[in-house]
Structure formats: structure tokens, C-alpha cells
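Here are the chains, one letter per residue:
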Amino acid sequence: MNKKTVPLLGITAYSGTGKTTLLKQVIPLLRQRHLRVGLVKHTHHDMDVDKPGKDSYELRKAGADQTLVASQNRWALMTETPNNDDELDLHYLASRFDPDSLDLILVEGFKHETIAKIALYRSEVGKPLAGLIDQHVIAVASNQIIDTTIPQLDINNPEQIADYIVSWWQKSQ
């Protein structure tokens, strides 16, 4: 039996452009359009989803390589990678999702990955648009008109962006 492959769509931009803000608006709109959405968020920080003092945190810090915390409403698997100097493998991370419960995985960050991407651009961030564009960018969402042949979306119109994502997803099926 072949495992279903869930399409990946990157949302890429420079820091300060509003990736997370936009995704917080777009994800509920995608759900209204009956898409089940997963999310991979890249962070450059030493992040921890657990809280010091909680049993799960203390047990993980005691040396467990993987810790699964579960309740009736959700579960989370934390995997330690202390000696991993390799770049994160987006496709490996995406393969950790349950493909039968998702239609689409949005990827925040990972701007150099070879996946379809929507580039978010605001000139006031002060960085060049060219640094975001590669052959995998399928659209640019901005607050201004850009001289490009790539389809353009209004970064301040989450409905339009959600519609574009649904259309792209339908074509990827």
C-alpha cells in the first residue's frame, strides 16, 4: 500500500514581513474551504515546546531521546537531535505527519527548499525581492504592484490568498 503524499506549499519571506500573521488569517479560511492543513514552521532559535517543572519536561531532560506527551485532545512528539549539525530535512519532517488526516502542509520558512512557494514581500522591510524569488515561487503576495511575470496577490487580502492556495492545491491533485 502506497502512502499518500501530502503536497507541501512554502510561505517564504524575510523576517518581519508577516508570515505568521498571514498564516493565522489564512489557515482558518482554508479550513472553511474544507482543507485539512498541517504546518511546519522553521525557527532559528533553540525552541522548546515543553515547560520546565512539568513531568514531561523533567523526564525528557532525564535523557529520553523521544518523548510523546498525550491527552484526550492532542499529542506531541519531541525528538532530541543534540548532535545533529546537518540542515533540517523538510521532507523527513513532513513525513512525520499523518497523511490520511491532511490535505496540505504549509511550510513557514525553509526559503531555499525546492517546493512550491508563495513569496511574501514588503518593500518597507528593506530587503530585495530578488532574494526571495527562485524557480519554485508560484506567486508573490505584496502590498504593492511588482514588475514580474509571476502571479501577484494582495498580502493584505487573506481571502484572495486562501482562494489561490485552494486553486493550486486542486491542480496538484
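Throughout what follows, the structure given in this document is the object of discussion. (Residues numbered from 1 in each chain as written. Predicted model: local features only at pLDDT ≥ 70, side-chain atom pairs only at ≥ 80, totals over all residues. Heavy atoms only, no water.)

Once that is clear, we can look at the packing of helix 1 (residues 19–32) against helix 4 (residues 158–172). Their axes nearest at 9 Å, the elements helix 1 and helix 4 cross at an angle of 55°. The orientation of helix 1 with respect to helix 4, classified from their angle, is oblique. As helix 1 packs across helix 4, the resulting crossing turns out to be right-handed. For the pair helix 1 and helix 4, the contacting residues are L22, Q25, V26, L29 and L30 in the first and P158, E159, I161, A162, I165 and V166 in the second. When the residues that make up the contact of helix 1 with helix 4 are grouped by side-chain class, the tally is 9 nonpolar, 1 polar and 1 charged. (Axes fitted to C-alpha atoms, helices over the stretch in contact; angles between N-to-C directions. Helix = DSSP H or I, 4+ residues; strand = E, 2+ residues; numbered from the N terminus. Parallel < 35°, antiparallel > 145°, perpendicular 65-115°, else oblique. Left-handed = near helix turned anticlockwise from the far one by under 90°. Contact = heavy atoms within 4.5 Å. Nonpolar A, V, L, I, M, F, W, Y, C, P; charged D, E, K, R; others polar.)

It is worth spelling out helix 1 at this point. With 14 residues, helix 1 extends 20 Å between its outermost C-alpha atoms, agreeing within 8% with the 20 Å of an ideal straight helix rising 1.5 Å per residue. When we look at burial in helix 1, the residues that qualify are K19, L22, L23, V26, L29 and L30. Looking at the buried side of helix 1, the elements it contacts are strand 1 (8–12), strand 2 (37–41), strand 5 (104–108), strand 6 (116–121) and helix 4. After helix 1 finishes, the residue H34 shows a positive phi value of roughly 70°. (Expected span 1.5 Å × (residues − 1). Buried < 20%, exposed > 50% of the residue type's maximum accessible area, 1.4 Å probe, protein only.)

Read from one edge to the other, the open sheet built from 6 strands follows the order 2-5-1-6-7-8, with strand pairing classed as parallel. Single-partner strands in this sheet number two, and they are strand 2 and strand 8 (152–154). Neighbour-to-neighbour, the strand axes of this sheet turn through a mean angle of 25°, independent of strand direction. Both strand 2 and strand 5 contribute to a ladder of 5 bridges, which runs parallel. The residue bridging V37 from the neighbouring strand is L104, located in strand 5. Running at roughly 170° to strand 5, helix 1 makes contact with strand 1, strand 2, strand 5 and strand 6 of the sheet. Together, strand 1, strand 5, strand 6, strand 7 (137–142) and strand 8 form the strand contacts of helix 4, whose direction differs from that of strand 8 by roughly 140°. (Pairing = 2+ DSSP bridges.)

Let's shift gears to unusual backbone geometry. Its identity is not glycine, yet H34 carries a phi of approximately 70°, on the positive side. By secondary structure assignment, the location of H34 is in the loop between helix 1 and strand 2. Residue F110 is not a glycine yet carries a positive backbone phi of 50°. One can find F110 in the loop between strand 5 and strand 6. With relative accessibility at 10%, the residue F110 sits in the buried group.

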